[in-house]
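# Tertiary structure, described
Each chain is listed here by its residues.
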Amino acid sequence: MINMQQRQTQLEQLVDDLLSEAKRQGATAAEAGVSSDSGLSLTVRMGATETIEHTRDNGLGVTVYFGQRKGSASTSDFSPQAIKETVEAACNFARYTSEDPCAGLADAGLMATELPNLDLYHPWDLAVDEAIELATRCETAARDEDERIFNSEGATLNSHSGLHVYGNTHGFIGGYPSSRHSLSCAVVGKEGENMQRDYWYTLSRLSGEMELPELVGKVAAQRTVSRLGSRRVTTQQAPVIFQADVAVGLLRSFIGAIRGSALYRKASFLLDSLDEQIFPGFVNIHEEPHLLRGLASAAYDNEGVATTQRGYISDGILQSYVLDSYAARKLGMQTTGNAGGVRNLRINSGALDLQGLLKKMDSGLLVTELMGQGLNMVTGDYSRGAAGFWVENGEIQYPVEEITIAGNLREMFMGLQEVGTDVETRSSVQTGSWLIDRMMIAGG
Amino acid sequence: MSDLIQIAQDTILAPVGLIETDLDRMLGELTGSAIDAADIYFQSSRLESWVLEDGIIKEGSYNIEQGAGIRAISGDKTGFAYSDELQLPTLLEAAKAARAITRSGAERSVQIAGLPTPRQLYAPINPLPSLTETDKVDLLRRVDAEARRQDPRVKQVIVSLVGAQDVVLVAAIDGTLNADVRPLVRLNVHVIAEQNGRREQGSSGGGARKAFDFFLQEERALGYAREAVRQALVNLDAVEAPAGTMPVVLGPGWPGVLLHEAVGHGLEGDFNRKGTSAFSGRLGEQVASSCCTVVDDGTLPGRRGSLNVDDEGTESQCTVLIENGILKGYMQDKHNARLMKVDSTGNGRRESYAHLPMPRMTNTYMLAGEAEPDEIIATVDKGLYAVNFGGGQVDITSGQFVFSASEAYLIENGKVTRPVKGATLIGNGPETMTKVSMVGNDLKLDAGVGVCGKEGQSVPVGVGQPTLKIDELTVGGTGQ
């Protein structure tokens, strides 16, 4: 068994070999990434072990530049022969791609120089038998929670650790190990002819920070049972609360609309919106890439550029786009160190929890699940399948399904009334529930 | 022994020095009284992709992967391990890890035998070198020029070209030894058009299990460019889509994503064995109106969803799922078929060697009826006519499904009138299928771009249908 430090040194050597080979083959610049992950994934269903999967994934990728022309190649094979061939393939592609004035590595002066330990690696020394026991406890708790729970899709435990190393011909090289553990459970309930399923999960870099298996099972069962007897509501306009775990998607859509690749392609509804009011004045959205144990923490981005704390929305006004070096050059701007996306994004919460939001809404729809991909990023038009609960007098009345909610994201963002204190922490994009003033609900 | 097995052995085993008796030895490692089934899946794949954007060839990339996945099954328990190192000691270690699912039983010997492959639905080619790099780049440029030539309102064109070859070899303790060599190509065009400050998009594309010259024949690639522009221009004039429940007429071809979501997933064997599908236990019952006959057909020559053999070495077939509205059968892989005491239908598929196989669709479509498409539209006073869709999704337990229209029109007094903005349609699978009241005579399959996701695994699929009318479906627009 080799330890992570030795493995990291090996992968750094591999990156070095890839970059040297690229130069040997005539590349003027190159960058390479190597990853190696392993783990265990198992599912217990109806009290018995269903699957045990031992996972082991390796991957390496290289991008070469011949002046302003670019080529890429990747493989799972780490042999010296494969390295040579992979670089050759990338160089071959660079002969046929076009001169692109914006192509190239990020500027050398922007490379991260401080690589702090962000405490992302907490391996879980978990024997298969122990893992089976945890999953069994979780699923049993779900099945015992309510007599209407009659079937199960099982409880799944995942525990993975990995190493990622990135380097480029500016001389930058960085690498770090990380871990990720999760336990999820999905069960099926029945009442009369009506059958429903729902799930819950816990996720952390540190096994000790996960929710207890019994709690995960209990919540999965409660969520399932609460959907039994779902019906439709009539077509109408009404206020809508997006529960925190689905509000995450709205925040992701916002980020998608200010991402450089969408902007330079003119494929965003937030084109040319810098310094404009996008949200009401109480909204602030910021990114904290250096959070210890954060699900998306990193000291440098996918191009080696130092990541920094950044405010995207300040008092409702758009302060910054999300850029990598390519999009930045296309737009005549500077990269924001976001190659590979945003890292730990957060919107500030108000004073109300979910109960408080229901009271504030008084009457309307609480959405707990969304279906489909009905979002047009070019126009912001939004139309998705939804399930949740109908609310009157600030109280949940009955579960709702087979309806759609529709609007335009620009109007939905400006129509945000309140963000809850019930923050979803299992995501790299974190938010409480959103109360939106008005959307079109289509039903019976 | 079939040519395909020979090609697979030459491609995957020979370069790493593995021979057929090594497979016997690995399979021997996977036997035992408590083991009901076990297999080894070898895969070698190569993929290349090209992207044109802003009029220049922006990206070219190449990926090569190989590895083996080893599975052992005892009752309804599955042990699985995989490796991207194809060395005998590593593979034997993976076999031990997979069979640790059960601890009892003694090893026995296994003799595998390759059966001749009776048919080839596609040539066992590698499509990557089927055009020179210069010709691929030229093809992308011509598609770009064709799109921009259509209309000055076209502001952005993105063209992507992907080719892949997948070579697979499966050996199992039931004696199976089979292989497939699967080419796959795809070309997509995405455009953005602008008019008076309003921007809209359109996209089109196609693909097949063929060489790249598929796109040169019948001006297919240029046709995708024209089609993407046409859609974007239609959307520039689109008004708010209506909200509420109304009659919906779906056009032929890609709108068959309806069947994929509303009935397809719910008829996969695993969900029905476990009793978690809205269709569980309903074989022989009326689950759709009598004008609906739906099949899953993996045997269509050259189609994106077709397979000579599935990823368990079972020959693909045409499975009748629903016949005149009556539920006839489920789609099965070996594991679920064994537990349900039926035969595999050749639907055992996996994304790669690093994933477990499960029942998946191939090409799923509804057979043609007798109505003329115009006649169907003429029966609707006020409703929606939807001809192009993005993706869909289903909750197989409640039966709720959605699919999102990207090109749709109002029907007013029996006539197609104004284009409306994209909207999500939602229904309940078993209920919606009973509301199919007319089926057209114009069956069409999609152009070959479908990707289906299930439990995190993506596989290429096809869909299709004739024009059809659903008496009542909920349309998620913003208009009153």
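Residues numbered from 1 in each chain as written. Chains lettered and ligands numbered in written order. Predicted model: local features only at pLDDT ≥ 70, side-chain atom pairs only at ≥ 80, totals over all residues. Heavy atoms only, no water.

Glancing now at the nonpolar core. Judged by nonpolar contacts, the single largest core of 59 residues is most densely connected at Leu-23, Leu-30, Phe-42 and Leu-169 of chain B. In this structure Leu-23 of chain B touches Leu-13, Ile-40, Phe-42, Ile-112, Leu-169, Ala-171 and Leu-177 of chain B, once residues within four positions along its chain are discounted. If you look at the next biggest cluster of nonpolar residues, it comprises 57 residues, including Ala-30 and Ile-83 of chain A together with Val-159 and Leu-233 of chain B. (Core = buried A, V, L, I, M, F, W, Y, C linked by side-chain atoms within 4.5 Å. Buried < 20%, exposed > 50% of the residue type's maximum accessible area, 1.4 Å probe, protein only. Contact = heavy atoms within 4.5 Å.)

A word on the pairing of strand β14 (residues 395–408) of chain A. Residue and element names in this part refer to chain A. Of all 14 residues that make up β14, eleven are buried, and the element is covered over most of its length. Linking strand β13 (residues 381–392) to β14, which pair antiparallel, is a turn of two residues; within it Asn-393 sits at a positive phi near 50°. Pairing geometry for β14 and strand β17 (residues 434–442), over three bridges, is antiparallel. Bridged to Ile-405 within β17 is Ile-441. (Helix = DSSP H or I, 4+ residues; strand = E, 2+ residues; numbered from the N terminus. Pairing = 2+ DSSP bridges.)

This next bit is on the pattern of salt bridges. Pairing between side chains of opposite charge can happen when the charged atoms of each approach one another. All names here are of chain B. The full count for this structure, using the stated rule, is 55 salt bridges over all chains. For Glu-146, the salt bridge goes to Arg-226, with nearest N and O atoms at 2.8 Å. Here the residue Glu-146 occupies a position in helix α4 (residues 133–150), and Arg-226 occupies one in helix α5 (residues 220–236), the gap between them amounting to 80 residues. Accessibility expressed as a relative area gives 8% for Glu-146, which makes it buried. The class of Arg-226 is partly exposed, set by a relative accessible area of 32%. (Salt bridge = Lys/Arg side-chain N within 4 Å of Asp/Glu carboxyl O.)

On the chain B side, the residues contacting the 73 residues of chain A number 78 residues. Interface of chain A and chain B: buried area, both sides summed, is about 5,700 Å²; carbon and sulfur atoms make up 49% of it. Scanning the region where chain A abuts chain B turns up six salt bridges. Note that Arg-227 of chain A and Asp-395 of chain B form a salt bridge whose closest N and O atoms lie 4.0 Å from each other. On inspection of chain A and its partner chain B, the count reaches 37 residue pairs in polar contact (both at pLDDT 80 or more). If one sorts the elements of the side of chain A that touches chain B by residue count, strand β2 (residues 48–66) of chain A sits on top with eleven residues. Along the lines of polarity and charge, the residues of the side of chain A that touches chain B split into 22 nonpolar, 30 polar and 21 charged. (Buried area = accessible area lost by both parts, 1.4 Å probe. Polar contact = N/O pair within 3.5 Å; in protein donor to acceptor, adjacent residues only side chain to side chain. Nonpolar A, V, L, I, M, F, W, Y, C, P; charged D, E, K, R; others polar.)

It is worth spelling out the pairing of strand β10 (residues 318–323) of chain B at this point. Residues and elements named next belong to chain B. The sheet contact formed by strand β9 (residues 294–297) and β10 spans four bridges and is antiparallel. Residue pairing for β10: Val-294 is matched across the bridge by Ile-322. The pairing of β10 with strand β11 (residues 326–327) spans two bridges and is classified as antiparallel. Each bridged residue has a counterpart across the sheet, and for Glu-323 the counterpart in β11 is Ile-326. Between β10 and the antiparallel strand that follows it, β11, lie two residues; Asn-324 among them carries a positive phi value of about 45°.

In this section: the confidence of the model for chain B. Mean pLDDT for chain B: 94, with 97% of residues reaching 70 or above. Note on the complex model: pTM 0.96, ipTM 0.94. (pLDDT = per-residue confidence, 0-100.)

With that settled, consider the packing of helix α2 (residues 20–29) of chain B against helix α3 (residues 88–99) of chain B. Residue and element names in this part refer to chain B. Direction vectors running N to C along α2 and α3 enclose 25°, while the axes themselves pass 9 Å from each other. When the axis of α2 is compared with that of α3, the two are roughly parallel. Considering how the two elements wind past one another, α2 and α3 form a crossing that is right-handed. Between α2 and α3, the residues in contact are Asp-22, Arg-25, Met-26 and Glu-29 and Leu-88, Leu-91, Leu-92, Ala-95, Lys-96 and Arg-99, respectively. For the contact of α2 with α3, a count of residues per class yields five nonpolar, no polar and five charged. (Axes fitted to C-alpha atoms, helices over the stretch in contact; angles between N-to-C directions. Parallel < 35°, antiparallel > 145°, perpendicular 65-115°, else oblique. Left-handed = near helix turned anticlockwise from the far one by under 90°.)

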